[in-house]
Amino acid sequence: TVLHRSTAPPQIVGRESEQAAIRQFLQTTVEKGRGGSMYISGNPGTGKTACLQTLIKQSLSSFPSVLVNCVPLTRPEQAYAAVLDALNIEYAGADSALAGLERIVFKGKGAFLVILDEVDSLLGSKQEVLYRLFELAAYPDSRLALVGIANALDLTDRFLPRLQARNCVPLLLNFNPYQVNDIVAILQSRLDSVAKDGTEPVIQKAALELCARKVAATSGDLRKALDVCRQAMEAAEAECKKRGANKENGPAVTATASPVPKVSIMHIAKVLTSLNGSPIAQKLNALNFQQKLVLCAHASLSGTTAGSKPVDSATPSKKSAAAGGIAVSKL
């Protein structure tokens, strides 16, 4: 379970400068009952949210903190109600959500922290919602400490240029992709947290390094490294059980009696090959969500415009779409 994406890390390995910046922000804002804002950027899987949540738990002060995922919101204005719902604050309706948020920002009992994950989902035509949120955190008597998290490094400069004029520019912090040594150290830390004293490592050091090098060379996404190691461990465990069951002498080795399987370079290499797939699949996986939608629409329409016949399930267009995890039939 330590290699699952959803499992919280036992500790934050590395990211010393990023941890120091976040800790300083918390100490000067919400821990002192003051408002303020920070924008954290970085590629997916670089530990932005995990690092922030871990430092919040380690804080010596007690303060309310909520995490709002902005992706499900269909309109930017829904962010006000989403924050109030997360804080369990009652309000009359969606139209009064902003007024309710302003009331607790300026007349609340204490400071509170709001984390807007995937904050770029709130981008609209005029960005008034984002401007208002950062303004609320910038007032001298504000009790709102706001942290926005997204992938884009230049979100505030590109889409919110008037923050400077409104005197509400947030602190900027960027998480660079993980390097080889970082990925190895994080994976080893997770494995050590469940290892028993005197036991051999479950995954060979050379296998960990192979996984780290491949992931660091493509994206630096730690989540992919976790997936590779987990699948490699499952494959090694299946092989271990199969060898035990095929023994002619003695009883078959059960899951509880079998020795802990060791993951080798071969297991990691096989998983990497299966995940990366063909060059076409790699290109499809690199497309963003909107590009995949366009590709699906093209594949769907190509079957109706040519003789009004549906596209056969074995056509190359559907095969390509399926290789990228796209289900044309679900559009």
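Residues numbered from 1 in each chain as written. Predicted model: local features only at pLDDT ≥ 70, side-chain atom pairs only at ≥ 80, totals over all residues. Heavy atoms only, no water.

## Quick word on the sheet that holds strand β5 (residues 171–175)
For clarity, the threshold we go by: At least two DSSP bridges between two strands are required for those strands to pair. Runs of E in the DSSP output that reach at least two residues are strands. Runs of H or I that reach at least four are helices, and both are numbered from the N terminus. Lines are fitted to the C-alpha atoms to define the axes, a helix being fitted only along its stretch in contact, and any angle between axes, read from their N-to-C directions, falls within 0 to 180 degrees. The contact rule is simple, with two residues in contact once any of their heavy atoms fall within 4.5 Å.
A sheet is described by the order of its strands in space; here five strands give the open sequence β2-β3-β4-β1-β5, paired in parallel fashion. Each edge of the sheet is formed by a strand with only one pairing partner; in this case those strands are β2 (65–69) and β5. Adjacent strand axes in the sheet meet at a mean angle of 15°, parallel and antiparallel pairs treated alike. Of the strand pairs in this sheet, β2 and strand β3 (residues 112–117) are connected by five bridges, and their pairing is parallel. From the neighbouring strand, Asn69 faces β3, where its bridge partner is Asp117. Sheet contacts for helix α1 (residues 16–28): β1 (36–42), β3, β4 (144–150) and β5; angle to β5, the most-contacted strand, approximately 150°.

## Focus on empty space enclosed by the protein
Note the threshold: Whether a set of points on the 1 Å grid over the protein atoms alone is a cavity depends on a 1.4 Å probe fitting there but being unable to get out, while an open set qualifies as a pocket with protein on both sides within 12 Å along at least five of seven lines; lining residues are those with an atom within 4 Å of a point. Grid points are joined across faces, edges and corners, and a volume is the space filled by probe spheres set on the points. Under the grouping applied here, Gly and all other residues not named as nonpolar or charged are polar, the nonpolar ones being Ala, Val, Leu, Ile, Met, Phe, Trp, Tyr, Cys and Pro and the charged ones Asp, Glu, Lys and Arg.
Under the definition given, this model contains one cavity of 30 Å³ or more. A volume near 30 Å³ is recorded for the largest cavity. Residue classes in the lining of the largest cavity are distributed as seven nonpolar, no polar and no charged.

## Re the pattern of salt bridges
Basically, it comes down to this: Salt bridge criterion: a side-chain nitrogen from Lys or Arg within 4 Å of a carboxyl oxygen from Asp or Glu.
Under the defined criterion, the tally for this structure stands at 10 salt bridges. Between Arg230 and Glu234 there is a salt bridge, and its shortest N-O distance comes to 3.9 Å. Highlighted residues: Arg230 and Glu234, both in helix α9 (residues 222–245), separated by four residues, approximately one helical turn. Linked by salt bridges that have partners in common, Glu102, Glu128, Arg132, Glu135, Arg162 and Arg166 make up one network.

## Digging into the packing of α1 against helix α2 (residues 48–58)
Stated formally: Each angle is binned into one of four classes, with values under 35 degrees roughly parallel, values over 145 roughly antiparallel, values of 65 to 115 roughly perpendicular, and all other values oblique. Each crossing gets its handedness from the near helix: less than a right angle anticlockwise from the far helix is left-handed, clockwise is right-handed.
At a closest axis distance of 10 Å, the pairing of α1 and α2 adopts a crossing angle of 50°. The orientation of α1 relative to α2 falls into the category oblique. Crossing handedness for the pair α1 and α2: right-handed. Along the contact surface, α1 presents Gln19, Ile22, Arg23 and Leu26, while α2 presents Cys51, Leu52, Leu55, Ile56 and Gln58. Broken down by class, the residue content of the contact of α1 with α2 amounts to six nonpolar, two polar and one charged.

## So, helix α5 (residues 128–138)
What counts, and what does not: Burial status follows relative accessibility: with a 1.4 Å probe on protein chains alone, a residue under 20% of its type maximum counts as buried, one over 50% as exposed, and anything between as partly exposed.
Most of α5 is tucked away, with nine of its 11 residues classed as buried. Looking at α5, one finds that the buried residues are Val129, Leu130, Tyr131, Arg132, Leu133, Phe134, Glu135, Leu136 and Ala137. Looking at the packing, one finds that the buried side of α5 touches β1, α3 (78–86), α4 (97–107), β3, β4 and α6 (155–159).

## Some points on the state of the cysteines
Going by this rule: Only a pair of cysteine sulfur atoms within 2.5 Å counts as a disulfide in this structure description.
The full count for this structure, using the stated rule, is zero disulfides. With no disulfide partner, Cys229 has as its closest neighbouring cysteine sulfur the one in Cys211, 3.9 Å distant. Given a relative accessible area of 0%, Cys229 falls into the buried group.

## Some thoughts on the layout of surface pockets
What the largest pocket holds in volume is close to 980 Å³. For the largest pocket, the lining is made up of 22 residues, of which Pro44, Asp221, Asn285, Ala286 and Leu287 are closest to its centre. At the level of elements, α9, α10 (265–276), α11 (279–286) and α12 (289–305) are the ones that each hand at least two residues to the lining of the largest pocket. Along the lines of polarity and charge, the residues of the lining of the largest pocket split into five nonpolar, 10 polar and seven charged. The computed volume of the second largest pocket comes to approximately 770 Å³. Arg5, Gly47, Thr49, Ala50 and Arg223 are, among the 33 residues lining the second largest pocket, the residues nearest its centre. Elements represented by at least two residues in the lining of the second largest pocket include exactly α2, β4, α7 (180–192) and α9. At eight residues, the largest contribution of residues to the lining of the second largest pocket is made by α2.

## Considerations on the nonpolar core
One broad trend across soluble globular proteins is that nonpolar side chains are buried collectively. Note the following rule: The criterion is simple. A nonpolar core is a set of buried Ala, Val, Leu, Ile, Met, Phe, Trp, Tyr and Cys residues joined through side-chain atoms within 4.5 Å.
The biggest cluster of nonpolar side chains holds 35 residues, and the ones touching the most others in it are Leu101, Val114, Leu116, Leu122, Leu133, Leu144 and Leu146. When contributions to this core are tallied by element, the ones reaching two or more residues are β2, α3, α4, β3, α5 and β4. At seven residues, the largest contribution of residues to this core is made by α5. Those residues within four positions of Leu122 in sequence are excluded, and the remaining contacts are Cys70, Leu73, Pro76, Ala79, Leu116, Gln127, Leu130 and Leu133. Residues Ile186, Ile203, Leu208 and Ile268 belong to the second largest nonpolar core, which totals 26 residues.

That's the geometry; what it means functionally is another story.
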